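What follows is each chain in one-letter form.
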Amino acid sequence: MEKISVIVPVYNVERYLKRCIESIINQTYKDLEIILVDDGSTDSSGNICDKYKKIDKRINVIHKENGGLSDARNEGLKVVTGTYIAFVDSDDFLDLDMYEYMQRNIEKENADIVICGTKIDYDNGKIIVKLSKKLEEFDTKRALIELNSFKTFDMSVWNKLYKKSVIDGIMFPVGKKCEDYFVMYRYFDRAKKVVVLPEAKYHYIQRENSVSRGKEITYDYIEGSKSQKNFIDQKYPEISYVGNTAYAFSYVATYNRCIKYKVQLSKDKKKMFKNEVKKCLKDICRNSYISKNKKIQACIFAYSLSLYKVIVKTIK
């Protein structure tokens, strides 16, 4: 058996942390290194980590000053010793056979990254399952295309298992939100083979006060998408339309949050949003990997933000 290093950044999640940790320590795959990084929690989360360290010798606890999610993950990456690396957010949890399932398939398929489906659990009890209907294999270029096609999988780091060599030396950007967008394309660039598995094993908890659902409007998503766009333009110019599509939709997604949380953008900012999407319209329209609806969405956005806003509000 090859060791899997599991990095769990922890910050003020006392309500969810026990469930998360127990879903890891009770995995059917036992050769684990569990790194709990307490990122300056002010509730009982740090004490919970220490309690479990006494129970399970596979657990390593790091206590540090608060530096954010990226900084916590980076501290975990500094001490990993496993052949494979996985990330878990501390308010989420796993099916108990997730790592057995992932490790078996990464070995069997001789892959650099394997990806399982996700069960999105909402506070109201609703569950949405996102998964592939079959096992699918992708080479580097095709994986980058799929990563940006809004279909089978996305930029999130946590429903994936990586060979350590894919991640070595690539750190998360400290102080940024949407941090996954700054690193995932670089992981995929190093992966000769990416395999998507047809079962959902990761439970992603959507809670109102989580980092990803906060009401703050950040432009880091746009910055991360731009860094990917520039990377693809330089190294994979034949699929530059893919990077341009993802870059354009980073503006769309950011504006959607502004609508949702009633944040008013200046006229200049709105004009800039429209123009950046408009620049990418040709690439979006010729992108056969995204749906017709996504293309229509981009076109409306580029030519009439007022109409776009009315449509979004009507749909929601």
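In the block above lies the structure referred to throughout.
Enquirer: How should I be thinking about unusual backbone geometry in this particular structure?
Expert: Phi angles above zero are rare outside glycine, and Asn12 is one such case at about 50 degrees. Look at Asn110: it is not a glycine, yet its phi comes out positive at around 50 degrees. Mapped onto the fold, Asn110 is located in the loop between α4 (98-108) and β6 (113-122). We classify Asn110 as exposed; its relative accessible area is 55%.

Enquirer: I tried to follow the packing of aromatic side chains on my own but got confused; where do I start?
Expert: Pairs of aromatic rings are described using the distance from one ring centre to the other and the angle between the two planes. The full count for this structure, using the stated rule, is 16 aromatic pairs. On the numbers, 6.0 Å between centres and 70 degrees between planes, the contact of Phe87 with Tyr162 is edge-to-face. A residue pair is termed long-range when its members are at least 10 positions apart, and Phe87 in strand β4 (residues 84-87) and Tyr162 in strand β9 (residues 160-163) qualify at 75 residues. Relative accessible area serves as the criterion here: at 0%, Phe87 is assigned to the buried category. On the accessibility criterion, Tyr162 (0% relative accessible area) is buried. Measuring from centroid to centroid gives 5.3 Å for Tyr162 and Tyr187, while their planes differ by 70 degrees, and the two rings are edge-to-face. Here Tyr187 lies in helix α7 (residues 180-190) and Tyr162 lies in strand β9, a separation of 25 residues in the sequence. According to the relative accessible area criterion, Tyr187 is buried, its value standing at 0%. Aromatic rings pair up to connect Phe87, Tyr162, Phe172 and Tyr187 into one cluster. Over the ring of Phe172 we find Arg73; its NZ or CZ atom is 5.0 Å from the centre of that ring. Taking the ring centre of Tyr101 as reference, the NZ or CZ of Lys201 above it sits at 5.2 Å.

Enquirer: Whenever I open this one, the side chain of Gln228 confuses me. Can you help?
Expert: Structurally, Gln228 is set in helix α8 (residues 220-235). Owing to a relative accessible area of 1%, Gln228 belongs among the buried residues under this scheme. Within the structure, Gln228 has its side chain in polar contact with the side chain of Asn148 (distance 2.9 Å). When sequence neighbours within four positions are dropped, the list of residues in contact with Gln228 reads Leu147, Asn148, Met155, Tyr185 and Ala246.

Enquirer: When you look at the pairing of strand β7 (residues 127-130) in this model, what are you seeing that I'm missing?
Expert: Summarising the sheet, β6 and β7 pair through four bridges and their orientation is antiparallel. In the strand pairing of β7, Asp121 is matched with Ile127.

Enquirer: Would you take a moment to explain the pattern of salt bridges for this structure?
Expert: Charged atoms that come close allow side chains of opposite charge to pair. Evaluated as defined, the whole model comprises 21 salt bridges. Measuring nitrogen to oxygen at the nearest pair gives 3.4 Å for the salt bridge that ties Glu179 to Arg73. With a gap of 106 residues between them, Glu179 in the loop between α6 (164-167) and α7 and Arg73 in helix α3 (residues 69-77) connect regions that are remote in the sequence. Assessed through its relative accessible area of 9%, Glu179 is described here as buried. In this structure, Lys78 and Glu75 form a salt bridge, with 2.8 Å as the shortest nitrogen-oxygen distance. The partly exposed category is assigned to Glu75, whose relative accessible area is 22%. Residues joined by salt bridges that share partners form a network here, namely Arg73, Asp89, Glu179 and Asp180.

Cut-offs used in this document
Residues numbered from 1 in each chain as written. Predicted model: local features only at pLDDT ≥ 70, side-chain atom pairs only at ≥ 80, totals over all residues. Heavy atoms only, no water. Helix = DSSP H or I, 4+ residues; strand = E, 2+ residues; numbered from the N terminus. Buried < 20%, exposed > 50% of the residue type's maximum accessible area, 1.4 Å probe, protein only. Phe/Tyr/Trp six-rings, centres within 6.5 Å; stacked < 30°, edge-to-face > 60°. Lys NZ or Arg CZ within 6 Å of the ring centre and 35° of its normal. Polar contact = N/O pair within 3.5 Å; in protein donor to acceptor, adjacent residues only side chain to side chain. Contact = heavy atoms within 4.5 Å. Pairing = 2+ DSSP bridges. Salt bridge = Lys/Arg side-chain N within 4 Å of Asp/Glu carboxyl O.

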